[in-house]
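Analysis of the macromolecular model
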Amino acid sequence: MTEFQPTRRNILKAAGGLSAAAVLGAAGVVGGASVAQAVGDGFGLRIIDSNESDPRLKYYRFKTSQIGWTTGPGVNVLLPDDYDSSGRRYPVMYLFHGGGTGADFRNFDVPGGIRELTAGKPIIVVMPDGGGAGWYSNPVTSFVGPRNWETFHMSQLLPWVEANFRTHADYDGRAVAGYSMGGFGALKYAAKYYGHFASVSAHSGPPSLRLNGGAVGHWANASSAAIELGGGTIYGVPLWNEARVSADNAVERIPSYHNKRIFMVAGTGAENIPWFSAFQESHVLDGQREFRGLLDQAGIPYTAHEVPGGHTLRWHLLAEDIDGIVAHLRPAA
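A brief report on the enclosed structure follows. (Residues numbered from 1 in each chain as written. Predicted model: local features only at pLDDT ≥ 70, side-chain atom pairs only at ≥ 80, totals over all residues. Heavy atoms only, no water.)

Concerning helix α7 (residues 211–228)
Compared with an ideal rise of 1.5 Å per residue, which puts 18 residues at 26 Å, α7 spans 24 Å between its outermost C-alpha atoms and is within 8% of the ideal. The axis of α7 is deflected most strongly, by about 35°, at histidine 218. Check the buried side of α7 and you find it contacts α5 (149–164) and α9 (275–298). Glycine 230 lies just past α7 and shows a positive phi near 60°. (Helix = DSSP H or I, 4+ residues; strand = E, 2+ residues; numbered from the N terminus. Expected span 1.5 Å × (residues − 1). Bend = angle between axes of the 7 residues up to and from the residue. Contact = heavy atoms within 4.5 Å.)

A short note on the pairing of strand β5 (residues 124–128)
Burial of β5 is extensive: 5 of the 5 residues sit out of reach of the surface. What you see with β5 is no split at all: Ile124, Val126 and Pro128 on one side and Val125 and Met127 on the other are buried throughout. One ladder, built from 4 bridges, connects strand β3 (residues 74–78) with β5; its direction is antiparallel. Bridge pairing in β5 places valine 75 opposite proline 128. Both strand β4 (residues 92–96) and β5 contribute to a ladder of 3 bridges, which runs parallel. (Buried < 20%, exposed > 50% of the residue type's maximum accessible area, 1.4 Å probe, protein only. Pairing = 2+ DSSP bridges.)

Focus on the packing of aromatic side chains
Across all of its chains, the model carries 20 aromatic pairs by this definition. Considering the side-chain rings of tyrosine 257 and phenylalanine 291, the 5.1 Å spacing of their centres and the 80° angle between planes classify their relative orientation as edge-to-face. Taken together, the positions of tyrosine 257 in the loop between α8 (242–248) and β8 (261–267) and phenylalanine 291 in helix α9 put the pair 34 residues apart, joining distant regions of the chain. Just as tyrosine 257 is buried, phenylalanine 291 falls in that class too. One aromatic cluster is present, formed by Tyr60, Phe62, Trp69, Trp149, Phe152, Trp160 and Phe165 through successive ring pairs. Note that arginine 166 overlies the ring of tyrosine 83, its terminal NZ or CZ placed 4.0 Å from the centroid. In this structure, lysine 260 packs its charged tip against the face of tyrosine 194, placed 4.3 Å from the ring centre. (Phe/Tyr/Trp six-rings, centres within 6.5 Å; stacked < 30°, edge-to-face > 60°. Lys NZ or Arg CZ within 6 Å of the ring centre and 35° of its normal.)

Remarks on the pairing of β3
Burial within β3 is extensive, with 5 of its 5 residues counted as buried. Covered by surrounding structure in β3 are Gly74, Asn76 and Leu78 together with Val75 and Val77, the residues of both alternating faces. Two elements, strand β2 (residues 57–63) and β3, share 5 bridges in a ladder whose sense is antiparallel. Paired with lysine 58 across the strands is valine 77, a residue of β3.

Considering helix α10 (residues 315–328)
Taking 1.5 Å as the rise per residue, α10 with 14 residues should run 20 Å; its terminal C-alpha atoms sit 20 Å apart, in good agreement. All of the buried residues along α10 are Leu317, Leu318, Asp321, Ile322 and Ile325. Seen end-on, α10 carries its buried residues on one side only, within an arc spanning 145°. In α10, the exposed residues that point more than 90 degrees away from the buried face are His316 and Ala327. Taken together, the buried residues of α10 touch β4, α4 (114–118), β6 (174–179), β7 (199–203), β8 and β9 (303–307). (Arc of directions from axis to C-beta.)

As structure tokens, this is what we get:
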């Protein structure tokens, strides 16, 4: 089988000084591999481990200069049931996990999870590592080597996926979604890389870094320092890099959500839930209400669910979201 390795020269040829990520988002010029082609290296990613034995779920792990892990970051790519036989191109959803010491790209592959929710549905789901507290960002400081998750996702992984799988490699062919920290990352990428994603979903994902005394921004700094960066931070201490915060803050980028499908979920609390889960979700809820108010002022439509409970992924609403994504994106063809 022939390995397909597109070059940046070909991709950027007609785009002057634009970055590869910008070109891919605006024009979707990278094609996908044919059914018979092997998945290969490219875009700064070298495959160091893989398992393609499952008919639908393909696993890869990479060596990249952007993430200084010894093992390298991983990704699961979940294919439609008929991918090998259809010859069609498919819409793709990038699905981001939440934070914590046990959080990684495998979190959605559980019994009753993402495989079952997408069975029979014509969509590719890409689930990458985002670090235990990487916040889908390039940090201001790191004392453990590079942890440039934003660059890994947007400048390396996205074009790698589109070079190796049959996706609709344009705006109407891509969605981004996530849970918790991953919902924050989805909202951030959808606005910051406007031409990439026609749909964005935040499942208990916070859209506001500055609300409530900067609670979410401070949590991003504290959690990343403890789990991810060896004392480094996402936004800087004692003073924040204000430009970086504003660039990542969904509530400050409202015009960038025009012409997108927007889906949000937040819990409203309840009795007998762990206090920290309730505390986390209270900031999510406050931020989503602020975000929705700003969207209303701008005349931007959205779908939002407020449901009882704390900070958790509600699988039935992820299922509803996936159905909405499939209906909204360009159909497989």
